[in-house]
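# Tertiary structure, described
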Amino acid sequence: MAASNHDHGDHALGHGGCGHDHDDPHHGHDHGATDHAHHGRSHASHSHAGHSHAAPPADGSLSGAFALGIGLNLAFVIAEIVIGIAADSVALIADAGHNFGDVLGLVLSWGAILLAKRAPSRRRTYGMKRSSVLASLINAVVLLVGVGGIAMEALRRLVEPGSSILPVPVMAAAAAGILVNGFTAWLFHKGNKADINLRGAFLHMASDALVSAGVVIAAFLVLWTDWQWLDPVVGLIIAAIILVSTWSLLRQSLDLALDAVPSSVDPEAVRAYLASLPGVVEVHDLHIWALGTTDTALTVHLVRPDSGLDDALIATICHELRERFGIGHATFQIEQGDAHNPCALAPAHVV
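What comes next concerns the included structure. (Residues numbered from 1 in each chain as written. Predicted model: local features only at pLDDT ≥ 70, side-chain atom pairs only at ≥ 80, totals over all residues. Heavy atoms only, no water.)

### Some details on the overall build of the chain
For the chain, the helix and strand inventory stands at eight helices and four strands. Each helix (α) and strand (β) of the chain, taken in turn from the N terminus, gives the series β-α-α-α-α-α-α-α-β-β-α-β. Carbon and sulfur atoms form 64% of the exposed surface of the chain, whose accessible area is close to 16500 Å². (Helix = DSSP H or I, 4+ residues; strand = E, 2+ residues; numbered from the N terminus. Areas by Shrake-Rupley, 256 points an atom, 1.4 Å probe, with all protein chains shown as cover.)

### Notes on helix α8 (residues 311-325)
Helix length check: α8 (15 residues) gives 21 Å between terminal C-alpha atoms against 21 Å at 1.5 Å per residue, within 8%. Here α8 has its buried residues at Leu313, Ile314, Ile317, Cys318, Leu321 and Phe325. Along the axis of α8, the buried residues cluster in a sector spanning 140°; they form a single face. Exposed positions of α8 whose direction lies more than 90 degrees from the buried face are Ala312 and Glu323. Looking at where α8 begins, the residue whose side-chain oxygen comes 3.2 Å from the main-chain nitrogen of Ala312 is Asp310. (Expected span 1.5 Å × (residues − 1). Buried < 20%, exposed > 50% of the residue type's maximum accessible area, 1.4 Å probe, protein only. Arc of directions from axis to C-beta. Polar contact = N/O pair within 3.5 Å; in protein donor to acceptor, adjacent residues only side chain to side chain.)

### A short note on unusual backbone geometry
Of note, the phi angle at Asp259 is positive, near 65°, even though the residue is not glycine. Inspection of the secondary structure assignment puts Asp259 in the loop between α6 (230-257) and α7 (267-275). Using a relative accessible area of 26% as the deciding quantity, one classes Asp259 as partly exposed. Not every positive phi belongs to a glycine, and Asp285 is a case in point at roughly 55°. Along the chain, Asp285 turns up in strand β2 (residues 282-290).

### Remarks on the packing of aromatic side chains
Taken as a whole, this structure holds five aromatic pairs when the rule is applied. Relative to Trp229, the ring of Trp227 lies with its centre 5.7 Å away and its plane at 20°, an arrangement referred to as stacked. For Trp227, a relative accessible area of 45% corresponds to the partly exposed category. Residue class for Trp229 comes out partly exposed when judged on its relative accessible area of 45%. (Phe/Tyr/Trp six-rings, centres within 6.5 Å; stacked < 30°, edge-to-face > 60°.)

### Points about the pairing of strand β4 (residues 329-335)
A large share of β4 lies buried, amounting to seven of its seven residues. Burial of the side chains of β4 extends over both faces: His329, Thr331, Gln333 and Glu335 are buried on one face and Ala330, Phe332 and Ile334 on the other. In this sheet, β4 lies alongside strand β3 (residues 296-303) in parallel orientation, the contact comprising seven bridges. Across the sheet, Ala297 pairs through a bridge with His329, a residue of β4. The handedness of the β3 to β4 crossover, carried by α8, is right-handed. (Pairing = 2+ DSSP bridges. Right-handed = clockwise from strand over helix to strand, strands pointing away.)

### Looking at a nonpolar patch on the surface
On the surface, a nonpolar cluster with roughly 530 Å² of combined accessible area is contributed by Leu155, Leu158, Val159, Trp227 and Trp229. In this fold, Leu155 is placed in helix α3 (residues 131-159). (Patch = residues over 30% accessible without salt bridge, like charges linked within 9 Å, V, L, I, M, F, W, Y side chains within 5 Å. Salt bridge = Lys/Arg side-chain N within 4 Å of Asp/Glu carboxyl O.)

Spelled out as structure tokens, the structure:
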């Protein structure tokens, strides 16, 4: 691993890291106005603990699942639109819009998983892992636009009622949706715990099956009571469901894009573990961020007075961070805590 972009003085014994063999451009530290110039001393060494990231392989099985899921849902969206227009059902058209958003989400997720497997380059030293974050962000924005259209049409139907819907075709189409969405959810059930993209695909498909069940119930009630207003009301309910789930997706995607600590990692627990290490008297400049939706990185300064570099300890830290917290790429700066050459931190940079 090439040296990280830290420029500290002779207080630094050296850097230890575990991760890919590439530069660490993401979190070079600039600690206030203090200029940490080298005084003829080089950083000592780097320790590399082998590890693998948890991204599920985009093998034939996973690609086949995406292709089948996309094909089935796209065909179903077209059928829903045709039947929804013929039956004059806002609820069915709203469900079609929701399903189309999920088709787009599947396409983006599939593409992001493939891009994330590309090897790092000199310019993209972390590869293209962030593509999965961008996919989630784009998916959220598109779904929010769709929600606005659905809600406006449903409200218009409530204010200006039009022709009556045909409940039987609506029930038939929505019942087919339960089968299609349920089967697609099953395709991604196996890998949904390993990758947030797959988990998102699974949850979206499972919720779609429930939404389709709601459309069936609404159409049945219209058939039974002839209360035509139930159809646009169900359309509004569907829009609300999409809004809630999409808002959560948007918030999580923005957090990852802005380098927030992933929700799966407790930063205080990480700090406590690092502080408990042999010889460590201070932990500072701790940063934890997501490289993508399945990879987490960490950089930290560890003050170990009168302790040299310890490759075995660094290997142990890498292993524990990976096993306990899911952090697969870690870089450590080991310092002696020399009072004459402090690693000064501006208040705004203290973490």
